[in-house]
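Tertiary structure, described
Here's the letter readout for the chains.
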Amino acid sequence: MPRFCIVPPYILRAILQNGDRSQQALAWATLTESEQVRGQRRILAPIATLATLAPGGKRRSVYDARRKYDLPGRLARSEGSPKVKDAIVNEAYDGAGATYDMFMKVFARNSIDDRGMRIDSTVHYGVNYDNAFWNGQQMVYGDGDGRIFRPFTKALDVIGHELAHGVIQHEAGLNYRGQSGALNESFADVFGSLVKQYKRGQAADQADWLVGAELFMPSVQAKGIRSMKEPGTAYDDPILGKDPQPGHMDDYIDTTEDNGGVHLNSGIPNRAFYGLAVRLRGKAWEKAGRIWYMSLAEKLRPDSNFRDAVTMTVTVAGELYGINSPEQKAVREAWSEVGL
Amino acid sequence: MGRKIHGSLNSETLPTKKARRLNSLLKSSRFFELPVRLEPHLPAPDRFIYRLTIESDQGTHTIEVSEAALPEDLRPLLDFITQSLLLK
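Residues numbered from 1 in each chain as written. Chains lettered and ligands numbered in written order. Predicted model: local features only at pLDDT ≥ 70, side-chain atom pairs only at ≥ 80, totals over all residues. Heavy atoms only, no water.

1. Some details on the nonpolar core
A general tendency of soluble globular proteins is for nonpolar side chains to be buried together. By size, the foremost hydrophobic cluster in this structure holds 83 residues, and its most contacted members are A:Phe187, A:Phe191, A:Leu194, A:Trp209, A:Phe273, A:Leu276 and A:Trp335. Here this core gets 12 residues from one element, more than from any other, and that element is helix H4 (residues 87-107) of chain A. Leaving out residues up to four positions away in the same chain, A:Trp335 has contacts with A:Pro269, A:Ala272, A:Trp292, A:Ala309, A:Val310, A:Thr313 and A:Leu340. Of all hydrophobic cores here, the second largest spans 27 residues; its members include A:Tyr69, B:Phe31, B:Leu52 and B:Val65. (Core = buried A, V, L, I, M, F, W, Y, C linked by side-chain atoms within 4.5 Å. Buried < 20%, exposed > 50% of the residue type's maximum accessible area, 1.4 Å probe, protein only. Helix = DSSP H or I, 4+ residues; strand = E, 2+ residues; numbered from the N terminus. Contact = heavy atoms within 4.5 Å.)

2. Focus: the interface of chain A and chain B
Opposite the 28 residues of chain A that make contact, chain B presents 21 residues. One salt bridge in this structure joins A:Arg177 and B:Glu39, with 3.7 Å as the shortest N-O distance. At the junction of chain A with chain B, the criterion picks out nine residue pairs in polar contact (both at pLDDT 80 or more). Put simply, the parts of the chain that give the side of chain A that touches chain B at least two residues each are strand E4 (132-134), helix H5 (156-170) and helix H7 (257-261) of chain A. Residue contributions to the side of chain A that touches chain B peak at four residues, all from H5(A). Residue classes in the side of chain A that touches chain B are distributed as 12 nonpolar, seven polar and nine charged. (Salt bridge = Lys/Arg side-chain N within 4 Å of Asp/Glu carboxyl O. Polar contact = N/O pair within 3.5 Å; in protein donor to acceptor, adjacent residues only side chain to side chain. Nonpolar A, V, L, I, M, F, W, Y, C, P; charged D, E, K, R; others polar.)

3. Here we look at the packing of aromatic side chains
All names here are of chain A. A complete count under the given rule lists 24 aromatic pairs over all chains for this structure. Relative to Tyr293, the ring of Phe107 lies with its centre 4.5 Å away and its plane at 10 degrees, an arrangement referred to as stacked. Remark: Tyr293 occurs in helix H9 (residues 288-299) and Phe107 occurs in helix H4; sequence separation between them is 186 residues. With relative accessibility at 2%, the residue Tyr293 sits in the buried group. Seen in terms of ring centroids, Tyr252 and Phe306 are 6.1 Å apart; in terms of plane orientation they differ by 80 degrees. Their pairing is edge-to-face. Remark: Phe306 occurs in helix H10 (residues 306-321) and Tyr252 occurs in the loop between strand E9 (241-242) and H7; sequence separation between them is 54 residues. Geometry around Tyr93 places Arg77 over its ring, the cationic atom sitting 3.7 Å from the centre. (Phe/Tyr/Trp six-rings, centres within 6.5 Å; stacked < 30°, edge-to-face > 60°. Lys NZ or Arg CZ within 6 Å of the ring centre and 35° of its normal.)

4. So, the sheet that holds E4(A)
All names here are of chain A. In space, the five strands of this open sheet follow the order E2-E1-E3-E5-E4, with mixed pairing throughout. The sheet is open, and its two borders are formed by strand E2 (74-78) and E4, each paired with just one other strand. On average, adjacent strands in this sheet sit at an angle of 20 degrees to one another, irrespective of strand direction. Alignment of strand E1 (residues 60-64) against strand E3 (residues 119-123), held across five bridges, turns out to be parallel. In the sheet register, Tyr63 faces E3, and the bridge partner there is Thr122. Against the sheet, H4 contacts E1, E2, E3 and strand E5 (139-141), and its axis sits at roughly 150 degrees relative to E1. Where H5 meets the sheet, its contacts fall on E3, E4 and E5, and the angle it forms with E4 comes to roughly 20 degrees. (Pairing = 2+ DSSP bridges. Axes fitted to C-alpha atoms, helices over the stretch in contact; angles between N-to-C directions.)

5. Section: the confidence of the model for chain A
All names here are of chain A. When pLDDT is averaged across chain A, the result is 88; 84% of the residues are at 70 or more. With pLDDT under 50 throughout, residues 1-15 is counted as low confidence; its partners more than four residues away or in other chains account for 17 contacts. Segment residues 29-53 is flagged for pLDDT under 50; beyond a separation of four residues in sequence, or across chains, it makes 45 contacts in the model. (pLDDT = per-residue confidence, 0-100.)

6. Concerning the sheet that holds strand E3 (residues 59-66) of chain B
Residues and elements named next belong to chain B. Taken in spatial order, the three strands make up an open sheet running E1-E3-E2, and their pairing is mixed. In this open sheet, the two strands that pair with only one neighbour each are strand E1 (37-38) and strand E2 (49-56). Sheet topology places E1 next to E3; two bridges connect them, and they run parallel. Following the sheet pairing, Leu38 is matched in E3 by Val65.

7. Notes on the environment of A:Ala330
Residue and element names in this part refer to chain A. You can see Ala330 is positioned in helix H11 (residues 326-337). A relative accessible area of 5% means that Ala330 is categorised as buried. With 254 residues separating them along the chain, Ala330 and Ala76 place their C-alpha atoms 46 Å apart. Those residues within four positions of Ala330 in sequence are excluded, and the remaining contacts are Leu276, Arg279 and Leu280.

8. A closer look at the packing of H10(A) against H11(A)
Residues and elements named next belong to chain A. Between H10 and H11, the shortest axis-to-axis distance is 8 Å and the interhelical angle comes to 165 degrees. What the angle tells us is that H10 and H11 run roughly antiparallel. For the pair H10 and H11, the sense of crossing is right-handed. Where H10 approaches H11, its residues Ala309, Val310, Thr313, Val314, Ala317, Gly318 and Tyr321 are matched on the opposing element by Glu327, Gln328, Val331, Arg332 and Trp335. (Parallel < 35°, antiparallel > 145°, perpendicular 65-115°, else oblique. Left-handed = near helix turned anticlockwise from the far one by under 90°.)

9. A short note on the pairing of E1(A)
Working note: regular strand, side chains alternate between the two faces of the sheet. Residues and elements named next belong to chain A. Of all five residues making up E1, five are buried, and the element is well covered by its neighbours. Judged by which residues are buried, E1 turns out to be covered on both faces: Arg60, Val62 and Asp64 on one side and Ser61 and Tyr63 on the other are all buried. Across four bridges, the pairing between E1 and E2 is antiparallel. Its bridge partner lying in E2, Val62 is registered against Arg77.

Right under this line is the structure:
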């Protein structure tokens, strides 16, 4: 049944912000059914969340695997409960909170699935376990081996990275192989880095653009596990070897290892995002992050490759800031700089 | 998170107790019966991918297994090897 919208959008927005729940629901229905906003769910999302947020907002739980491999493990802390003695539990809890906050406040995204999904994390996974991962349902952190790696909860951008894999899974669903997989890794790095920069209140030119700077023991010759600014320079260490990431298509690595080089070639789109953020100046999450987020949420598909990412981010920049706007030109330049 | 680590162990130079343990884990994991590739049904971002080659009197066998598709009996063998390499 057609619905005609007589109440101006700015009044509907006011209702969404100030009305009771039934008024909010009506206002939201009106806004979303009007022709002028159809297909622009993400642009309206900042308002929508005011009406659709589940009571209580973020819902974090941190579990302790107690050096075993069974998930999720024993509950160690849940939403709203005070700090516990175990600092690693608190780091996972706080990091999940910082990530939730950035996605909510900047992109009006309500958790991993945009529907208020629980954010579950498990710490103390395995024995001397040198990794962190998203298993499709939750985040998991190892304690590190104490010789090369510290506990993986030490790095906020790593927590943001893992949670972003969940966001990617619920949006573009980028296949985890080859170029789509490298985009998957890169988007996770981008949002992980944005979580850290947002928490620190840093502008693009103040940020270190390193991923996992806090992960290494002092004796290791490493700045982090990846550099978005200068891929291939994050570490050069007798045990770890040299950072192999390329930062330009000329150096693209064709390999069957690592699901087709997903952690290698992600350096190329990572550097493109860095280039965009510094061109646009200011806080990276405000414009560059929005362009990337909208591209992920609205344009990219599971089999998207680097060329598709160029096309989609240029398109989104045009939609958000205007055709041939400085922002759209900056997106083109940033990709061109990495050979795309 | 995307790191590549190599290492090798020689059972002939391991202490006797450790060498016995290694042989026992090889048997219990039925390593030589495992397929050369074990992949998860669902995407597994950032999970380890192990490539493991064993050379013995029985011959040489190499497997590549995602941690997300790891047979339960293989985990103790991988843990043993990983820990032994870390302590080297």
